[in-house]
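# An overview of the molecular structure
Chain by chain, the residues:
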Number of protein chains: 2
Amino acid sequence: MKARIYVTLKNGVLDPQGKAIQHALVALGFDGVDDVRQGKFIELELRETDSVKAKANVEEMCKKLLSNPVIENYSIHIE
Amino acid sequence: MKARIYVTLKNGVLDPQGKAIQHALVALGFDGVDDVRQGKFIELELRETDSVKAKANVEEMCKKLLSNPVIENYSIHIE
C-alpha cells in the first residue's frame, strides 16, 4: 500500500526557498511568476493493507516526524 | 493560474534522505514501512491564463531550473 504525503508551509509563513526559486526564474527570463512556494513530497511503501489503519498510522508519522505542525500543513493520499 | 510540480528521484537513484526518514520512523516504532522516497513539491502562481501555454512554460522551467532531468522526474498539474 502506497502513501503520498504533501507537506507545505502554512499561509503567512515566510518561504525563503520559494523566493529564491522565484528570483532564479525571473533571472532566467520567466517573468510571469507571481509567487512560488516549495514543499516536500514523501512517498511511503507500507506493509499495512487496510487503508483506514494505514491513514491513521501515516497521520501519526506526520505529527511525530514528517511535518512541523507549527508552521506546516500536510495532506495524505493513500492508494 | 496555479501550477503544482512534483519532482521525484528516478527509480534506481539512491535516496539517502528517504533512507534517513525510514530509519527515523523505525526508531520511533513505526515498523511497517518498507520504503521511503522524498521528493520536492513546488507551487507556482502564474499570471498566464491559457492553460496550454502555462503548461508549456512550466515544462520549460522544470527542464531549466526546477529539476535535474538526469536523476529526477517531474510531473505538472495546472489548475
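Below, the structure is looked at part by part. (Residues numbered from 1 in each chain as written. Chains lettered and ligands numbered in written order. Predicted model: local features only at pLDDT ≥ 70, side-chain atom pairs only at ≥ 80, totals over all residues. Heavy atoms only, no water.)

## Some details on the pattern of salt bridges
For clarity, the threshold we go by: Salt bridges are identified by distance alone: a Lys or Arg side-chain nitrogen within 4 Å of an Asp or Glu carboxyl oxygen. A run of H or I in DSSP counts as a helix once it spans at least four residues, and a run of E counts as a strand once it spans at least two, with each numbered from the N terminus.
Taken as a whole and judged by the stated rule, the model has eight salt bridges over all chains. As a salt-bridge pair, R47(A) and D34(B) come within 2.9 Å of each other at their nearest N and O atoms. Pair noted here: R47(A) is in the loop between β2 (33-46) and α2 (51-66) and D34(B) is in strand β2 (residues 33-46), and the two residues belong to different chains. Residues K19(B) and D35(B) are paired through a salt bridge, measuring 3.5 Å at the closest nitrogen-oxygen approach.

## Side note on the sheet that holds strand β3 (residues 72-78) of chain A
Quick note on the threshold: Following DSSP output, two strands are said to pair if at least two bridges run between them. Between N-to-C directions, angles cover 0 to 180 degrees, with each direction set by a line fitted to C-alpha atoms, over the stretch in contact for helices.
In spatial order, the strands read β3(A)-β1(A)-β2(A)-β2(B)-β1(B)-β3(B); together these six strands make up an open sheet with antiparallel pairing. Among the strands making up the open sheet, the edge pair consists of β3 of chain A together with β3 (72-78) of chain B. Adjacent strand axes in the sheet meet at a mean angle of 20 degrees when their direction is disregarded. Relative to β2(B), β2(A) runs antiparallel, the two sharing 13 bridges. Note on β2(B): the bridge partner recorded for V36(A) is L44(B).

## Quick word on the packing of aromatic side chains
Ring pairs (aromatic) are described by centroid distance and by the angle formed between their planes. Put simply, the rule reads: Stacked, tilted and edge-to-face pairs are distinguished by plane angle, under 30 degrees for stacked and over 60 for edge-to-face with tilted covering the rest, among Phe, Tyr and Trp rings (Trp via its six-membered ring) whose centres lie within 6.5 Å. Accessible area is worked out with a 1.4 Å probe on protein chains only. A residue is then buried under 20% of its type maximum, exposed over 50%, and partly exposed in between.
On inspection of all chains with the given rule, the structure shows five aromatic pairs over all chains. With a centroid separation of 5.3 Å and an interplanar angle of 20 degrees, the aromatic rings of Y6(A) and F41(A) are classed as stacked. Remark: F41(A) occurs in strand β2 and Y6(A) occurs in strand β1 (residues 2-9); sequence separation between them is 35 residues. Exposure class is identical for Y6(A) and F41(A). Each is buried. With 5.3 Å between their ring centres and 50 degrees between their planes, Y6(A) and Y6(B) make a pair best called tilted. On the criterion of chain membership, the pair formed by Y6(A) in strand β1 and Y6(B) in strand β1 (residues 2-9) is interchain, its members lying in two chains. Every member of this aromatic cluster is reached through a ring pair, and the members are Y6(A), F41(A), Y6(B) and F41(B).

## Brief notes about the relation of the copies chain B and chain A
Stated precisely, the cut-off is as follows: The copies were overlaid by least squares, fitting only the C-alpha atoms of residues that reach a pLDDT of 70 or more in each copy. Contact definition: two residues touch when any of their heavy atoms are within 4.5 Å.
You can overlay chain B on chain A at an RMSD of 0.0 Å; the transform is a turn of 180 degrees with a shift of 0.0 Å along its axis. In symmetry terms, the pair is related by a two-fold rotation axis. Residue K40(B), judged by its C-alpha, is the member of chain B lying nearest the rotation axis, at 2.4 Å. Looking at chain B, 100% of its interface residues are interface residues in chain A too, so the copies touch through the same face.

## A short note on the interface of chain B and chain A
Put simply, the rule reads: In protein, a polar contact means a hydrogen-donor-capable atom and an acceptor-capable atom, both N or O and within 3.5 Å, with residues adjacent in sequence counting only if both atoms are side-chain atoms; elsewhere, any N or O pair within 3.5 Å suffices. All residues other than Ala, Val, Leu, Ile, Met, Phe, Trp, Tyr, Cys, Pro, Asp, Glu, Lys and Arg, Gly among them, are scored as polar; the first ten of these are nonpolar and the last four charged.
Each partner contributes residues to the interface: chain B has 30 residues there, and chain A has 30 residues. Applying the counting rule to chain B against chain A returns 14 residue pairs in polar contact (both at pLDDT 80 or more). Listed by contribution, the elements that provide at least two residues to the side of chain B that touches chain A are β1, α1 (16-27), β2 and α2 (51-66) of chain B. Broken down by element, the side of chain B that touches chain A gets its largest block of residues, 14 residues, from β2(B). The residue makeup of the side of chain B that touches chain A, split by class, is 15 nonpolar, five polar and ten charged.

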